[in-house]
Amino acid sequence: TVEPAFLDELAAKPDQVSVVAVLQAARTAAAAGDVATADAIDREVEQADLTLEIVTEHVKLLVKHDRAADAVGVAKAYYEAKPSDSNGSLVYANALIAAGDFTTAVEIAGEVVDLQGTNPAGFDARGRALVGAGRADEGLEDLRKAVELAPQEFEYVLAYGIGLEKAQKIDEAALTLRSAL
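Scope of this entry: the structure provided in the associated data block. (Residues numbered from 1 in each chain as written. Predicted model: local features only at pLDDT ≥ 70, side-chain atom pairs only at ≥ 80, totals over all residues. Heavy atoms only, no water.)

Where helix 4 (residues 52–64) contacts helix 6 (residues 86–99), the axes come no closer than 10 Å and their chain directions differ by 10°. By the angle between their directions, the pair helix 4 and helix 6 is classed as roughly parallel. Side by side, helix 4 and helix 6 meet where Leu52, Val55, Thr56, Val59 and Val63 of the first sit next to Asn87, Gly88, Val91, Ala95 and Ala98 of the second. Classifying every residue of the contact of helix 4 with helix 6 by side-chain character gives seven nonpolar, three polar and no charged. (Axes fitted to C-alpha atoms, helices over the stretch in contact; angles between N-to-C directions. Helix = DSSP H or I, 4+ residues; strand = E, 2+ residues; numbered from the N terminus. Parallel < 35°, antiparallel > 145°, perpendicular 65-115°, else oblique. Contact = heavy atoms within 4.5 Å. Nonpolar A, V, L, I, M, F, W, Y, C, P; charged D, E, K, R; others polar.)

In structure tokens form, the structure reads like this:
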């Protein structure tokens, strides 16, 4: 578990506690099943210094523990505080996808695609959101584009295969997913 002294130190001088120590403390708490403490640690540090590294880890923690709505709130706060950070936009879009808000996720991921037309993560996020929103043909185009831009990235090939399966293109999905393995 997380030592109470660490939490006291974090509350007293969060700017002097290293990001690595914070992430480790949050991971330790989460691994012990204390998601509330892990969440509290991350929120405390985010108030002192909003960094993408901590926000990303925090969002992943919340999504993993079925708290996607909370993850959206954390990611949105970062997105609004640092609107020019496209990686923050992707964290927000992915949190929205996890929460089932595909329409907003399409919009946010679309901003990344519009600004960085060669960013495979933007196409991947928008594609998954479009498929989730029931717009499979458009989504598959974006997912295919992500694979074209980064064919070595397993996660993009996997997302494309899952998108094909959701679009009832079973044979093509099977081939794509087999190639990902």
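Attention now goes to the environment of Ala129. Here Ala129 shows up in helix 8 (residues 120–132). A sequence separation of 13 residues divides Ala129 from Asp142, and the C-alpha atoms of the two residues are 10.0 Å apart.

On to helix 10 (residues 154–166). Between the first and last C-alpha of helix 10 there are 18 Å, a value that for 13 residues agrees with the 18 Å anticipated at 1.5 Å per step. For helix 10, the set of buried residues is Tyr156, Val157, Ala159, Tyr160, Gly161, Gly163 and Leu164. Residues of helix 10 that are buried sit in contact with helix 8, helix 9 (136–149) and helix 11 (170–180). After helix 10 finishes, the residue Gln168 shows a positive phi value of roughly 65°. (Expected span 1.5 Å × (residues − 1). Buried < 20%, exposed > 50% of the residue type's maximum accessible area, 1.4 Å probe, protein only.)

When two helices pack together, their arrangement is given by the angle between the helix axes and by the axis-to-axis distance. Where helix 8 meets helix 9, the closest approach of the two axes is 7 Å, and the angle between their N-to-C directions is 155°. Regarding the angle of helix 8 to helix 9, the classification is roughly antiparallel. Where helix 8 crosses over helix 9, the handedness of that crossing is left-handed. Where helix 8 approaches helix 9, its residues Pro120, Phe123, Asp124, Arg126, Gly127, Arg128, Leu130 and Val131 are matched on the opposing element by Ala136, Glu138, Gly139, Leu140, Asp142, Leu143, Lys145, Ala146 and Leu149. A per-class count over the contact of helix 8 with helix 9 returns nine nonpolar, two polar and six charged. (Left-handed = near helix turned anticlockwise from the far one by under 90°.)

What follows covers the side chain of Ser89. Relative to the assigned elements, Ser89 resides in helix 6. Classification of Ser89 by relative accessible area gives buried; the value is 4%. Residues within four places of Ser89 in sequence aside, it is in contact with Tyr79, Pro83, Ile108 and Val112.

Quick look at unusual backbone geometry now. The phi torsion at Asp66 lies on the positive side, around 60°, for a residue other than glycine. Turning to its location among the elements, Asp66 is positioned in the loop between helix 4 and helix 5 (68–81). Located in the positive-phi region is Gln168, a residue other than glycine, with phi close to 65°. Here Gln168 lies in the loop between helix 10 and helix 11. In this structure Gln168 comes out as exposed when scored by relative accessible area, which is 61%.

Quick look at the pattern of salt bridges now. For the structure on display, the rule yields seven salt bridges. One salt bridge in this structure joins Arg128 and Asp124, with 3.0 Å as the shortest N-O distance. Note that Arg128 and Asp124 are positioned in helix 8 at a spacing of four residues, about one turn of the helix. Note on Arg128: relative accessible area 27%, which makes it partly exposed. Take Asp124: its relative accessible area is 6%, and that puts it in the buried class. Here the residues in one salt-bridge network are Asp39, Arg67 and Asp70, joined through shared partners. (Salt bridge = Lys/Arg side-chain N within 4 Å of Asp/Glu carboxyl O.)

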